[in-house]
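# Architecture and fold: a report
Listed below, chain by chain, are the residues.
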Amino acid sequence: MSQSTSQNKPTAFADRLAQAVRRTGSVTCVGLDPRLEQLPTSIRQIAESGAADAKAAAYTQFCCDIIDVVKDKVACVKPQAAFFEQLGPAGMVSLGQVIRYASDAGLLVITDGKRNDIGSTATAYAQAYLGAGDASPWGSDSLTVSPYLGRDSLEPFVEVCDERAAGVFVLVKTSNPGGGLLQDRVTDGQTIYARVAELVQELNQGRTGESGYGPIGAVVGATYPEQLAEMRAAMPTSWILIPGFGAQGGTAKDVIAGFDDAGMGAIVNNSRNLIFAHRRDEYSQKYGESRWQDAVSAATDEMNAVLATRIS
Ligand SMILES: O=c1ccn([C@@H]2O[C@H](COP(=O)(O)O)[C@@H](O)[C@H]2O)c(=O)[nH]1
């Protein structure tokens, strides 16, 4: 549930994120991307029947067990909607349960759905996902959104962010190798991703809170450190969500440029290398599969420490 000010006005998402980063001392975002075949055996057994609701129950258990481990170690989690949607309706129920569990545990939730559409439909997406607790049916603090449909498709999200003290992260420069096909195109002397960043910066105008950041954040991949530096400068009032750390090759030195001088303004997502840490050589020997939660804990501590050393 959103923390409230004395006037009972919910604290803005950007400020809640700043508070959570300060409280935990962590800029790590734990990505909740459950994949059936990679789950520890004890969890995979829940899905033994092969039915969608059994798989969904396994996903819920796995994600909630991870939340139990990381709730005091990090500021936020990012459930990836795709893995839940893949299971159909039962998966979507699981997504809702995981979001609620994380929120109740005091974590900020960024649902990674990469939603958007024409304005009137975008409003429905915004109302569905944005607003923690009972403010929306999904109860997310924040949602990833696509800018491809233009400014009028983003404005409904901005409105709902204002109403519900929520946030969005607009895809600016994604971590995947093929993203440049469109994002790096130069038009009117500017790359598309730089034009999107300009739009993000415009939308945040007049919306910054105590933290100096506004509700409209940006996604910029750890796999493009030079562009990350360029985007930090282009969007000084936007939180940057940096995916691509770990399994996609991004390292601590690649993400430094995403932070402001106070070591704030960015969160670094890591999904596979944290949640399936028990499968990594460095942790499997020490913990084995039966102690998979200890592996998640150790991997999260390690990421926190590596980032803290680099950023401070
Ligand atoms: O540009 C982007 C935008 C989103 N993602 C998502 O982040 C995680 C990354 O998972 P890892 O296991 O840490 O590679 C995943 O949910 C992606 O869909 C991204 O990677 N890049």
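Keep in mind that what you see is a predicted model, and the values were worked out from it rather than measured. Think of each chain on its own: its residues are numbered from 1, step by step along the sequence as written. Thresholds applied to this predicted model are a pLDDT of at least 70 for local features of residues and 80 or more for the giving and counting of side-chain atom pairs; totals over whole chains, interfaces and linings are not thresholded and use all residues.

### With respect to helix α5 (residues 89–104)
- Numbering of helices and strands runs from the N terminus; a helix is a DSSP stretch of H or I covering at least four residues, while a strand is a stretch of E covering at least two. What a helix is expected to span follows from its residue count: subtract one and scale by 1.5 Å. Along its 16 residues, α5 runs 23 Å from first to last C-alpha, staying within 8% of the 22 Å computed at 1.5 Å per residue.
- Residues are called buried when their C-beta atom has 20 or more other C-beta atoms within 10 Å, exposed when it has 12 or fewer, and partly exposed otherwise; all C-beta atoms are positioned from the backbone. Among the residues of α5, Gly91, Ser94, Leu95, Val98, Ile99, Ala102 and Ser103 are the ones counted as buried. Looking down the long axis of α5, one finds its buried residues gathered within 165 degrees of arc, a one-sided arrangement.
- Directly after α5, the chain includes Gly106, whose backbone phi takes a positive value near 90 degrees. The arc in question is the one spanned by the directions pointing from the helix axis to the C-beta atoms.

### Some points on helix α10 (residues 225–234)
- Within α10 the residues assigned to the buried category are Gln227, Leu228, Met231 and Arg232. Looking straight down α10, one finds that the buried residues subtend no more than 145 degrees of arc, so they occupy a single side. Structural note: α10 exposes Glu226 and Ala233 on the side pointing more than 90 degrees away from its buried face.
- Residues are scored as being in contact if the C-beta atoms we place from backbone atoms lie within 7 Å. Turning to α10, the residues buried within the fold contact β5 (167–173), α9 (192–204), β8 (216–220), β9 (240–242) and α11 (252–255).

### Brief notes about the confidence of the model for the protein chain
- One number per residue, pLDDT, summarises how confident the predictor is, and it ranges from 0 to 100. For the protein chain, the mean per-residue pLDDT works out to 96, and 97% of the residues sit at or above 70.
- Scored below 50 in pLDDT, residues 1–5 makes 15 contacts in the model with residues more than four places away or belonging to other chains.

### Brief notes about the pairing of β5
- Buried residues dominate β5, accounting for 7 of its 7 residues.
- Note: strand β4 (residues 142–145) against β5, 4 bridges, orientation parallel. Paired with Leu143 across the two strands is Val168, which belongs to β5.
- A clockwise course of the path from the first strand over the helix to the second, judged with the strands pointing away from the viewer, identifies a crossover as right-handed. Crossover β4 to β5 through helix α7 (residues 151–164) is right-handed.
- At least two bridges found by DSSP between two strands is the condition for calling them paired. With 5 bridges joining them, β5 and β8 adopt parallel strand pairing. Paired with Phe169 across the two strands is Gly217, which belongs to β8.

### A few points about the UniProt feature "domain: Orotidine 5'-phosphate decarboxylase" (unreviewed entry) in the protein chain
- Under the feature "domain: Orotidine 5'-phosphate decarboxylase" (unreviewed entry), the UniProt entry names residues 27–287.
- Counted over residues 27–287, helix gives 43% and strand 17%. Its end C-alpha atoms are 25 Å apart. UniProt positions are given in the numbering used here, feature names are shortened, and annotations may be inferred rather than shown by experiment.

### Some words on the nonpolar core
- Think of a nonpolar core as buried Ala, Val, Leu, Ile, Met, Phe, Trp, Tyr and Cys residues chained together by C-beta atoms that fall within 7 Å. Counting residues in hydrophobic clusters, the biggest one holds 93 residues, and the most contacted among them are Cys76, Val170, Val172, Ala218 and Ile242.
- Ile242 has contacts with Val220, Gly221, Ala222, Leu228, Val255, Gly258, Ala266, Ile267, Val268 and Asn269, leaving out every residue within four places of it along the chain.

### Side note on the environment of Leu95
- As for its placement among the helices and strands, Leu95 is situated in helix α5.
- Given 27 C-beta atoms within 10 Å, Leu95 falls into the buried group.
- Sequence separation of Leu95 and Thr111 is 16 residues, and the distance between their C-alpha atoms is 9.3 Å.
- Leave out the neighbours within four places in its chain, and Leu95 touches Pro79, Ala81 and Phe84.

### Details of the pairing of strand β1 (residues 28–32)
- Most of β1 sits inside the fold, with 5 of its 5 residues counted as buried.
- Side chains of β1 alternate between two faces, with Thr28, Val30 and Leu32 and Cys29 and Gly31 buried alike.
- Pairing geometry for β1 and strand β10 (residues 266–270), over 3 bridges, is parallel. Bridge pairing in β10 links Cys29 to Asn269.
- Pairing of β1 with strand β2 (residues 76–79) involves 4 bridges; the strand directions are parallel. Bridge pairing in β2 places Gly31 opposite Lys78.

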